[in-house]
Amino acid sequence: ASSLNVALAGNPNCGKTTLFNLVTGQNGYVGNWPGVTVEKKEARVRADHQITVTDLPGIYSLSPYSPEERVSRDYLMSGVPDAVVNIVDATNLERNLYLSLQIIETGLPTVIALNMGDLVERAGDRIDTKALSRRLGCPVIMISALKNKGVDELIAEARQAATQKARPSSPAFDTSIECVVSRIEQLLPASVAARERRYWAVKLFERDADALTRVHLSRDSAACIEQLVSDCERDCSDDAESIITSERYATIAHIIDDCLKRAPEKMSVSE
Ligand code: GDP
Ligand code: K
Ligand code: MG
């Protein structure tokens, strides 16, 4: 059987390397990604030899501003990974979800691993993984890489995602923004694959420089998109990149409200 490639992506210090070492037996190949001094590791999963996992550099966003972000995003969009496991530090759910939303937007089959489950439990916080899974449109598994809890289930979910190729369903932006994004999607050339169309439409909305070179737009489509985006900026009195950032934070606030119950003693007295 052919090999299944599963990328491990997440914020710095979310436990990626701990998980990588646990599932591979720490015999990972270490080398540099071509052209950048960022380390890449990949190795087979001990419990499921068909799966190869790749430990990507830790990042906070899929913007192309740092070498780490560029490496991670280029790899995710390269067509190589069959699925991505997004490792989330569950003790910092709100901050980590900013990247999760962008990973889901890539259209790659995604599994969210809520790591540091032992610390969440110890703090007495509750994360409703079923509600989170509904909100994010992909499987969510609570794990502890350090204590080897939930990891077998995670590997099974990753295998399923990689073989079934189910697309996560991105949480929607506000209707007015969603409307502009779908009009941009319609202007993309047919060469852009169905699963990637929303991702590139959002990137073009943000005037992402990489997107402008990677997506070969006709002159008319490019002008049309620029008109849509600048009209939207005028209506929102904000620049395109900030509009998308604000949409992501609004989505995260709703998700946190719905899915995270903090232990009583940790609730803010001002609330
Ligand atoms: P990376 O930067 O994402 O590769 O994160 P590391 O694997 O280097 O882990 C960062 C720190 O978190 C290390 O001190 C780990 O021991 C710790 N860590 C990782 N997973 C867990 C976990 O499930 N529970 C706890 N309590 N600590 C963890
Ligand atoms: K680290
Ligand atoms: Mg690491």
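Residues numbered from 1 in each chain as written. Chains lettered and ligands numbered in written order. Predicted model: local features only at pLDDT ≥ 70, side-chain atom pairs only at ≥ 80, totals over all residues. Heavy atoms only, no water.

- The name an unreviewed UniProt entry assigns to the protein chain is Fe(2+) transporter FeoB, from the organism Coriobacterium glomerans.

Notes on the site of ligand 1
Step number 1: Taken together, 15 residues form the shell around ligand 1, and within it N13, K16, T17, T18 and D118 come nearest.
Step number 2: Here an oxygen atom of ligand 1 and a side-chain polar atom of T17 are 2.8 Å apart.
Step number 3: One of the side-chain N or O atoms of D118 is found 2.8 Å from a nitrogen atom in ligand 1.
Step number 4: Expressed as a share of its isolated accessible area of 590 Å², the protein-covered part of ligand 1 is 71%.
Step number 5: Contributions of two or more residues to the shell around ligand 1 are made by α1 (16–24) and α4 (117–123).
Step number 6: In terms of residue count, the dominant contributor to the shell around ligand 1 is α1 (3 residues).
Step number 7: Residues of the shell around ligand 1, tallied by class, amount to 6 nonpolar, 7 polar and 2 charged. (Near = heavy atom within 4 Å. Polar contact = N/O pair within 3.5 Å; in protein donor to acceptor, adjacent residues only side chain to side chain. Areas by Shrake-Rupley, 256 points an atom, 1.4 Å probe, with all protein chains shown as cover. Helix = DSSP H or I, 4+ residues; strand = E, 2+ residues; numbered from the N terminus. Nonpolar A, V, L, I, M, F, W, Y, C, P; charged D, E, K, R; others polar.)

Side note on the pairing of strand β5 (residues 83–89)
Step number 1: Most of β5 is tucked away: 7 of the 7 residues are buried.
Step number 2: Judged by which residues are buried, β5 turns out to be covered on both faces: A83, V85, I87 and D89 on one side and V84, N86 and V88 on the other are all buried.
Step number 3: Alignment of strand β1 (residues 4–10) against β5, held across 5 bridges, turns out to be parallel. If you follow V6 over to β5, its bridge partner there is A83.
Step number 4: Alignment of β5 against strand β6 (residues 110–115), held across 6 bridges, turns out to be parallel. (Buried < 20%, exposed > 50% of the residue type's maximum accessible area, 1.4 Å probe, protein only. Pairing = 2+ DSSP bridges.)

A look at the environment of T163
Step number 1: Mapped onto the fold, T163 is located in helix α6 (residues 151–164).
Step number 2: Classification of T163 by relative accessible area gives partly exposed; the value is 43%.
Step number 3: Sequence separation between T163 and P109 is 54 residues; the distance between their C-alpha atoms is 9.3 Å.
Step number 4: Here R159 takes part through its backbone oxygen, which lies 2.8 Å from a polar atom of the side chain of T163.
Step number 5: In this structure the side chain of T163 is engaged in a polar contact, spanning 3.2 Å, whose partner is the backbone oxygen of Q160.

So, the pattern of salt bridges
Step number 1: Inspection of the entire model under this criterion finds 15 salt bridges.
Step number 2: Residue E233 is joined to R207 by a salt bridge in which the shortest nitrogen-to-oxygen separation is 2.8 Å. One end of the pair, E233, is in helix α10 (residues 219–236); the other, R207, is in the loop between α8 (197–205) and α9 (209–214), with 26 residues separating them in the sequence.
Step number 3: On the basis of relative accessibility, which here comes to 33%, the residue R207 falls in the partly exposed class.
Step number 4: Residues joined in a network through salt bridges with shared partners are R70, R73, D208 and D210. (Salt bridge = Lys/Arg side-chain N within 4 Å of Asp/Glu carboxyl O.)

A word on α1
Each full turn of the α-helix corresponds to 3.6 residues, which orients residues three or four apart in the same direction.
Step number 1: Buried within α1 are the following residues: K16, L19, F20, V23 and T24. The buried side chains of α1 occupy one side of the element, clustering within an arc of 110 degrees when seen end-on.
Step number 2: Close packing links the buried residues of α1 with β1, β3 (39–45), β4 (48–55), β5 and α6.
Step number 3: Following α1 by one or two positions, G25 has its phi on the positive side, about 80 degrees. (Arc of directions from axis to C-beta. Contact = heavy atoms within 4.5 Å.)

What to know about the packing of helix α7 (residues 175–187) against α10
Step number 1: Relative orientation of the contacting elements α7 and α10 amounts to 175 degrees, with a least axis distance of 10 Å. The pairing of α7 with α10 is recorded here as roughly antiparallel in orientation. Of the residues in α10, those in contact with I177, V180, R183, I184 and L187 of α7 are S221, C224, I225, L228, V229, C232 and C236.
Step number 2: Split by residue class, the contact of α7 with α10 holds 10 nonpolar, 1 polar and 1 charged. (Axes fitted to C-alpha atoms, helices over the stretch in contact; angles between N-to-C directions. Parallel < 35°, antiparallel > 145°, perpendicular 65-115°, else oblique.)

A look at the confidence of the model for the protein chain
Step number 1: Across the protein chain, the average pLDDT comes to 92, with 93% of residues at or above 70.
Step number 2: Here the predicted complex carries an ipTM of 0.97, next to a pTM of 0.93. (pLDDT = per-residue confidence, 0-100.)

Some remarks on the side chain of T24
Step number 1: Position of T24 relative to the elements: it lies in helix α1.
Step number 2: Classification of T24 as buried rests on a relative accessible area of 1%.
Step number 3: Not counting chain neighbours up to four residues away, the residues in contact with T24 comprise A43, R44, R46 and V53.

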